[in-house]
Amino acid sequence: MNVTKSQKMRWMPLFLFVAIVLLVVGCSSESADSPEEQGSQGGQSADGEISGELEIQYFVGGYGDAWWKEVIADFTEQYPDVTVIEHAGPNINEEMRTRWISNDPPDVVYIDGAGSSETQMIEDGQLMDLTDWASEITLEDGSPLLDSFIVEPNRHEGQLYTLPLVFDTWGMWYNAALFEQEGYEVPTDFESWMNTMTEIRDRESIEPFTTTGQHPYYFLRGVLYPAFASVGGDELLADLVTGQEGAWTSEPVLEVMKKVQRMQEEGMIDEGYAAFNHTQSQMNFLLGQNAFIPVGFWLPNEMANDIPDDFTFGFIPSPMQEPGEPYRIVPDLRPLAIAEEASNPEAAKAFVAFAFNREFAQRFSEYTGAIINLTGVDLTGNDQVPDYLKEANEMFNDPDQVQINSLPHPMSADLETPISNALVALMTGNIDAEEFCERAEAAAADYRD
Amino acid sequence: MVQPKSQRIIFLMFCILPTLLLFAVFTIYPLFSGLYYSFFEWSGSASDKEFVGLSHYIQLMNDPIIPRTIIHDYFLVVTKVIGIMILATFFAVALTQLRIKEAPFYRVVFFFPNIMSVVVIGILWAFIYNPNLGFVNAGLEAIGLGQYTQPWLGSERWALPSLVLPSVWAGIGLFMLMLMGGILNVPKSLYEVAKIDGATEWQQFWKVTVPLIWPQIKNSILYIIITTLNGSFIIVQVMTQGGPNNATHVMGSYLYQQAFKQYNFGYAATIGVMILIISLITVMIMQFFLRKEKIQY
């Protein structure tokens, strides 16, 4: 068959289109340079000095970035041959995702904020095994870093991939000025909490407790974890987080969930809480629509521009324990880590070791109102540190008042999401405690499979 | 001077090349890469992927949340099509047929939400629905209907219907302008003839206006369907994040949750393929039902 020139030309756009598609697909990420091809951008120079470019990824949320700026400035002063490149912001975990996927990650990462997961990063083999190196790090006074943590680092199959930098803990915030003015008692256990909330509900005509229903893990981590710790300690926490068979339907868990059901039935929980995101719930709390909210230490810093003049922050660990028992806290640690594929691992190690310093820990508390995970940091004499933090720090150091529990590792999102959904159903009164436990147990079974 | 044919073709290729390139990069490539990733177990943050064949498609069939998301999507499609088309048609007819002096002002007012980001609209309406501080409950209390106040977005029953109002409010302006364009093109003589024949205003609307602006109505409906199936994710994400207890998850928001909260990018890609197929089927069915002889005048 003869094909005329004009017929050939008619097919030309199609050929051209296919060629473009193939070209685009061919130029996709598969052809990205491998780390070996890219080569090292720095490291230790011949004379043993740390040099080259150092990329640091850090999330900027409620704690701001002032502390990071100061640490990085001091670091570059001490290591003038290192050029620090900062990747920071509230969405930095998403913005840097493609870098991690293409095996071109930053050298140091602070794991915090939406879109980050320590567990996932370790499972994906993205973080450097720090086990041997970390045992050699010493603080400014020569004490070993691993002996100086308030809370031990998470270990995955015995290995250390992250070093816990920020000691955050969820607890119960209240308006200390209002409590003092109206004579409301600060709760010391669950029953006294219910009594205080009943009094506030009746006198102030508000639902006393609020949290964010769009992010139910605030309640899970801020209220339920301490409650589970009070009835079952670290062992129960570990069973729940890892989804052990029968853990979520066990008697102690049911006992805790019945307390939550009681809070709902007695009108303590804000009726609209399920729709609130975390800033809406925090705003409602600051505006006096509610009296208690479980949030981490970032709350005062995050809401600094919206705090009414007559408002004073008061903080206690979540009062879910029985009378006579100490409060429980389950700290939420925000770690530093080094990428497995770091281009400049020597500078990365130097920076991580540099950041753990008691002087920086003081500065962190001044800037953020929160605590670095180091012992021996005396905040009492520091006028720049807010009172609630000094009081909390004092409580945390008194085992008769507060006991510290810990999780083996953060709960997987595959388990946390369905449990969170069941929790919203319980807290809006659509299911009871028994049904919650059954749904959570079913979610754990799915997770195990 | 007549140009040689080959020169014209080269000129045409030069013109369409950028478009083809953009289409390939931003439509064809993501489409096929989405399909490709649906066959892999991938966390979305690692470079390693494990081939799992059709297992994500089997998971999709057995996922109890998927049917709910599809129902939620179609609920939004139906309510938005009805709400937007009735109101947009009403205002389009009113602003073109009635002698309203302030018509240009109203056009701007109705179109205003279209220039606002959906995120802003979502945040605004979340405040309006706030059970403690919001306008809706306060308004109901003020007119003596306090017994009907609700935690609108926090209620499993009311959260999804509550999303319809902001979506309709935000959509009226654009479609009103599209329909106005059609109505203004209808020759006045047809209405005059209809009047002489004794047709009422209502009959003129159904017998003259609707048939002659049918292409605009059809395109509007299809556009609402497509944008709802693909875009209702944003309003859901801003206002409820799929909650409470999955009561407002649509296919897009569930995809987002799987990808960016649960790190199941492979499964999320499978949901993306499902959304594409469902959207295509829906549009094809609607095109079949909305087909009509073109009326010439």
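Presented here is a report on the structure given in the accompanying data block. (Residues numbered from 1 in each chain as written. Chains lettered and ligands numbered in written order. Predicted model: local features only at pLDDT ≥ 70, side-chain atom pairs only at ≥ 80, totals over all residues. Heavy atoms only, no water.)

## Here's the deal with the overall build of chain B
How we decide: Numbering goes from the N terminus for both helices and strands, where a helix is a DSSP run of H or I of at least four residues and a strand is a run of E of at least two. Type-normalised accessible area, obtained with a 1.4 Å probe on protein chains alone, sets the label of each residue: buried when under 20%, exposed when over 50%, and partly exposed for intermediate values. We call two residues contacting when some pair of their heavy atoms lies within 4.5 Å. All accessible-area figures derive from a Shrake-Rupley calculation using a 1.4 Å probe, and residue coverage is judged against the displayed protein chains alone. The sign given to each residue is positive for Lys and Arg and negative for Asp and Glu; His and the chain ends receive no count. By convention, the point assigned to a charge is CZ for Arg, NZ for Lys, CD for Glu and CG for Asp.
Assigned secondary structure in chain B consists of twelve helices and two strands. When the helices and strands of chain B are placed in sequence order, the string is α-β-β-α-α-α-α-α-α-α-α-α-α-α. Along the longest, intermediate and shortest principal axes, the C-alpha atoms of chain B span 80 × 75 × 30 Å. Here chain B holds 297 residues, and the buried ones make up 45% of them. A fraction of 67% describes how many contacts in chain B between residues 6 or more apart in sequence connect residues 24 or more apart. In the structure as shown, chain B presents an accessible area of about 16200 Å², 70% of it carried by carbon and sulfur atoms. Across chain B, the centroid of the 17 positively charged side chains sits 13 Å from that of the 12 negatively charged ones.

## Observations regarding the packing of aromatic side chains
What characterises a pair of aromatic rings is the spacing of the ring centres plus the angle enclosed by the ring planes. Residues and elements named next belong to chain A. Test applied: Note on aromatic contacts: the rings of Phe and Tyr and the six-membered ring of Trp form a pair at centre separations within 6.5 Å, being stacked when their planes are under 30 degrees apart, edge-to-face when over 60 apart, and tilted otherwise.
Counting across every chain of the model gives 56 aromatic pairs over all chains. Aromatic pair F75 and Y79: ring centres 4.7 Å apart, planes at 35 degrees, arrangement tilted. A relative accessible area of 0% places F75 in the buried class. An angle of 80 degrees between the planes, with centres 4.9 Å apart, marks the rings of W170 and Y218 as edge-to-face. Highlighted residues: W170 in the loop between β5 (163–168) and β6 (171–175) and Y218 in helix α10 (residues 217–241), separated in sequence by 48 residues. Residues W170 and Y218 agree in their burial class; the two are buried. Taken together, the ring pairs connect Y58, Y63, W67, W68, F75, Y79, Y110, F351, F354, F360 and F364 into an aromatic cluster.

## Structural notes on the sheet that holds β6(A)
All names here are of chain A. To keep it simple, the criterion reads: Here, any two strands with at least 2 DSSP bridges between them count as paired. Each axis is a line fitted through C-alpha atoms, and for a helix only the stretch in contact is used; angles between axes span 0 to 180 degrees, taken between their N-to-C directions.
With antiparallel pairing, the three strands of this open sheet are ordered in space as β7-β6-β8. A single partner strand is all that each edge strand has here, and the edge strands are β7 (293–295) and β8 (313–316). Neighbour-to-neighbour, the strand axes of the sheet open up by a mean angle of 40 degrees, direction not taken into account. Here β6 pairs with β8 via four bridges, running antiparallel. Note on β8: the bridge partner recorded for W173 is F315. Each of β6, β7 and β8 touches helix α12 (residues 278–286); the most contacted strand, β7, lies at about 130 degrees to it.

## Points about the pairing of strand β10 (residues 332–338) of chain A
Residue and element names in this part refer to chain A. The buried fraction of β10 is high, at seven of seven residues. Side-chain alternation along β10 places D332, R334, L336 and I338 on one buried face and L333, P335 and A337 on a second face that is also buried. Two elements, strand β4 (residues 108–110) and β10, share three bridges in a ladder whose sense is antiparallel. Bridged to Y110 within β10 is L336.

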